[in-house]
Amino acid sequence: GALPAGGDHLGGTFGQSPTLDSWYPQRLRVELLHRNGVDADPLGADFDYAAAFATIDLMTLKSDIKRLLTTSVDWWPADYGNYGPQMIRMAWHAAGTYRIADGRGGAGTAMQRFAPIGSWWDNGNTDKSRRLLQPIKHQYGNALSWADLMVLTGNCSLELMGLPTYGFGGGRLDAWEPDDGTWWGPEVWNPHAVASPDEMVSRDERWHGQNGDAGYDLQSPLAASHQALIYVNPEGPYSNGDPLGSARDIRITFTRMAMNDEETVALIAGGHAFGKSHGQVPASDIGPSPEKAPIESMGLGWHNPVGTGSAEHTSTNGIEGSWTPNPTQWDNTYLENLFAYDYEQTKSPAGALQWTPTDSEAPKTPDAHVPGQMNPLMMMTSDIALKVDPEYRAICERFLADFDLFTLAFSKAWYKLTHRDMGPKHRYLGPEVTIADDLLWQDPLPDAAGYSLDEADVAALKEAVLATGLSVSDLVYTAFSAASTYRDSDKRGGANGARLALSPQKDWAVNRRTVPVIDALRNVQAAFTATSGGREVSLADLIVLAGSAAVEQAARAAGSDASVPFTPGRVDTTQELTDIEMFEWLRPIADGFRNFVSERFEEFAPGVAPEAAFLDKANLFTLTAPEWTVLHAGLRVLGSNWDGSDVGVLTDHVGALTTDFLVNLTDTDLIWTKDDETAMTFTGRVPATGEARWRASRNDLVFGSNAQLRSIADAYAGSDGQERFVRAFIRVWSKVMMLDRYDVNGHKRYG
Ligand code: HEM
């Protein structure tokens, strides 16, 4: 009979391509804002990871991991009887996707479990490393996230082989679905699968200029020289075996990982003190990646058809061999051998380009599996790079001469690599955290003073702020600007610390409006200190409180008597504790909320629409689509344009928290036309008279043109919308002001 659903021939299913994106690839994917939410999380909204993690005895866990590292199993025998090296590579690749420009990537959410990252060519056989760890994961259950387990195993491996690590902070919350939004740039799945370097055109699409030319640079926010690689091609640019070209790529890509030259050399030379590269079988014979593998592979990929497909037959990257004679021992033989011998190009059994000592007397390295067999040392083009680049070479020579210096540099760089995306130290969990002092890359905040504002202080300060005569617009703009650097990707930025008043933020054009406001707030702060008998308010708290007082005032002006919650406890940090260069990366090229599109936008983001950059910002702010809409609509009627212009200020009552922006944006009596061919600003006219009623930017119009956002606009622009709008605005305002409050939010994940 017929199928119950009707129809005998099932031709397609839910989600099967083609779907929306296949037909309209240019559409703004607003629904991405709702990914990886509580619905995808088997542990639910109430799960408290910090409390669960606290039940673990870290020393016991570490000895369990170390025992596993030296217990070889048949389905994937350990090289040299020690899984340490492959685990270090797994952890490095987990952390190494981090990129400073948008803070995305990194080890923080264990994205290596999911495509595309887990199926990148460069992550070959990291699926085995994670699968090997499954017994530990099951033993400790949800008290230990995959993300923490992967980094901790990297640390255990280093310690097991003799490197004193700089410690471990737990607190990474796993993602529960693949990330479908991060832009990883043009695609080359497998650098070995193209017939010639000429075919690797998509590498060029990632770059400005040619390697070696002035102005040679990588598109922002990318940090890898190729898609599907963690950093650079080990065989050099285009696999061309050019060590100097490789050094140039290494410098650019490691800088994007927030590493300086010394950290870069420490990491590469330190990492390659361990383990080996695997290149017994050509890439063309290796099976598909985990995401493309057949169902019975159970999530593992890269099936190797030769021999047992593992142990002495293993093929991962394609290069074959070890860098040192003692691949499971922390020592200085990587650098010693790199400098003691000349190297010449050769080919691995899989056909990959690599380097070997010209001197036949050079030390040999034991085979990882075949007893008694000795193999020649190996260097990659990216290793030779450290020797030929003058700056890298000078650092290598210092490390060669002083092993303790090298050891400390590597352990500190490893700590930074693996903790870089965790944000403030408030987020670090576990007994090893205290051994690490404040490090500049952690964007340190001084400890909170003992005194905390009480209700009477808050009321008095609000009154004092409003009595300054500063406008609602200026106060809201300043508080929002303080909070606006926050990005959930690497938990940097935000209002805490009052870095808005420090370099570089105080010097950014987009923050110009805040300078006189901060001066006035400093006066309020001084007056409070003078009269409060030893009580103090931090500038950071005062900036936020002033904004909240202004929002309450704006609600009153719209007829709502609403109050904005305020949680004191922010602290002021110092210029010395602010890494100016690293904070420059937080400078917005565009910020739709403040109707800011920098003059650099056209040059730096050709082909990128401002509204797409705005969606990116909303994602980094963890906003839902309704929150995004409400926050924008509120900021516009409060007059929060960076340059004070009327663009997008679709109201005659600036400073009143009304739904006017949404009402006027959806006004069917207006016709919008672009002001010029750049289509960056627009004018809304009454057709009958031609009267120009409003001006707006793309960041404004998107809430009326995008179907999903327009539906949300309708939900507030209707006759019953005003009160709901005020309540929603206060909720999202408070959320944004609190985004960086890890001192009170802890590891709360949702909301
Ligand atoms: C192995 C490339 C930086 C740690 C490898 C392999 C390649 C490679 C091609 C061999 C993979 C295989 O076939 O099994 C590079 C390049 C780097 C770089 C191009 C940057 C220029 C690092 C860093 C670390 C690291 C920063 C850690 C701090 C390791 C370890 C192995 C390894 C431990 C051995 C894995 C094993 O024995 O299975 N690397 N690497 N590498 N890498 Fe790197």
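Residues numbered from 1 in each chain as written. Predicted model: local features only at pLDDT ≥ 70, side-chain atom pairs only at ≥ 80, totals over all residues. Heavy atoms only, no water.

Turning next to the overall build of the chain. When helices and strands are tallied, the chain shows 27 helices and 13 strands. For 751 residues, the compact-globule estimate of 2.2 N^0.38 gives 27 Å, and the chain sits close to it at 28 Å. For the chain, the residues scored as buried account for 57% of the 751 residues in total. Across the chain, the fraction of contacts at a sequence separation of at least 24, relative to all contacts at a separation of at least 6, is 72%. Accessible surface computed for the chain: about 30,600 Å², of which carbon and sulfur atoms make up 53%. Charge separation in the chain, taken as the distance between the mean sites of 62 positive and 98 negative side-chain charges, equals 3 Å. (Helix = DSSP H or I, 4+ residues; strand = E, 2+ residues; numbered from the N terminus. Rg over C-alpha atoms; globule rule 2.2 N^0.38 Å. Buried < 20%, exposed > 50% of the residue type's maximum accessible area, 1.4 Å probe, protein only. Contact = heavy atoms within 4.5 Å. Areas by Shrake-Rupley, 256 points an atom, 1.4 Å probe, with all protein chains shown as cover. Lys, Arg positive; Asp, Glu negative; His and termini not counted. Charge placed at Lys NZ, Arg CZ, Asp CG, Glu CD.)

Attention shifts here to the packing of helix 15 (residues 455-467) against helix 17 (residues 514-531). The geometry of helix 15 relative to helix 17 is characterised by a closest axis approach of 10 Å and an angle of 135° between their N-to-C directions. Accordingly, the angle class assigned to the pair helix 15 and helix 17 is oblique. Considering the relative orientation of helix 15 and helix 17, their crossing is right-handed. Counting all contacts with helix 15, which are made through Asp-457, Leu-461, Ala-464 and Val-465, the residues of helix 17 involved are Leu-521, Val-524 and Phe-528. Looking at the contact of helix 15 with helix 17, its residues break down into six nonpolar, no polar and one charged. (Axes fitted to C-alpha atoms, helices over the stretch in contact; angles between N-to-C directions. Parallel < 35°, antiparallel > 145°, perpendicular 65-115°, else oblique. Left-handed = near helix turned anticlockwise from the far one by under 90°. Nonpolar A, V, L, I, M, F, W, Y, C, P; charged D, E, K, R; others polar.)

Turning our eyes to something else, we now look at the domain arrangement of the chain. As far as domains go, the chain holds domain 1 (197-411), domain 2 (455-584) and domain 3 (590-745). Listed by partner, the interface residues are 40 residues for domain 2 and 36 residues for domain 3. For the pairing of domain 2 and domain 3, the buried interface totals around 3,000 Å² over both sides, and the portion due to carbon and sulfur atoms is 64%. By the criterion of area lost to domain 3, the three top residues of domain 2 are Phe-480, Tyr-486 and Val-510, representing 22% of everything that side buries. Remark: the boundary between domain 2 and domain 3 carries zero salt bridges. (Domains from an automatic or database assignment. Buried area = accessible area lost by both parts, 1.4 Å probe. Salt bridge = Lys/Arg side-chain N within 4 Å of Asp/Glu carboxyl O.)

With 92 residues, the main nonpolar core has Leu-61, Leu-144, Tyr-334, Leu-335 and Phe-410 as its most contacted residues. In terms of residues, this core owes the most to one element, helix 7 (residues 146-160), which gives eight residues. With near-sequence residues (within four places) excluded, Leu-144 lies in contact with Tyr-49, Phe-53, Ile-56, Leu-61, Ile-136, Lys-137 and Leu-149. (Core = buried A, V, L, I, M, F, W, Y, C linked by side-chain atoms within 4.5 Å.)

Attention shifts here to helix 24 (residues 698-705). Here helix 24 lies mainly inside the structure; six of its eight residues are buried. Within helix 24, burial applies to Asn-699, Asp-700, Leu-701, Val-702, Phe-703 and Gly-704. Where helix 24 begins, one side-chain oxygen reaches toward the backbone nitrogen of Asn-699, 3.1 Å away; that side chain belongs to Ser-697. (Polar contact = N/O pair within 3.5 Å; in protein donor to acceptor, adjacent residues only side chain to side chain.)

Before going further, it helps to spend a moment on empty space enclosed by the protein. As enumerated under the stated definition, the model contains eight cavities of 30 Å³ or more in all. Its volume calculated, the largest cavity comes out at about 840 Å³. Lining the largest cavity are 43 residues, with Arg-89, Trp-92, His-93, His-272 and Trp-323 positioned closest to its centre. Those elements giving two or more residues to the lining of the largest cavity turn out to be helix 4 (84-95), helix 5 (126-132), helix 9 (243-256), helix 10 (261-271), strand 3 (276-277) and helix 14 (403-419). (1 Å grid on protein atoms, 1.4 Å probe; cavity = no way out; pocket = protein on both sides within 12 Å on 5 of 7 lines; lining within 4 Å. Points joined across faces, edges and corners; volume = space filled by probe spheres on them.)

Let's shift gears to the coordination of the iron atom of the ligand. A lone protein donor binds the iron atom of the ligand: His-272 (NE2), at 2.1 Å. With respect to the element layout, His-272 can be found in the loop between helix 10 and strand 3. (Donors = N, O, S within 2.8 Å, 3.2 Å for Na, K, Ca; no water.)

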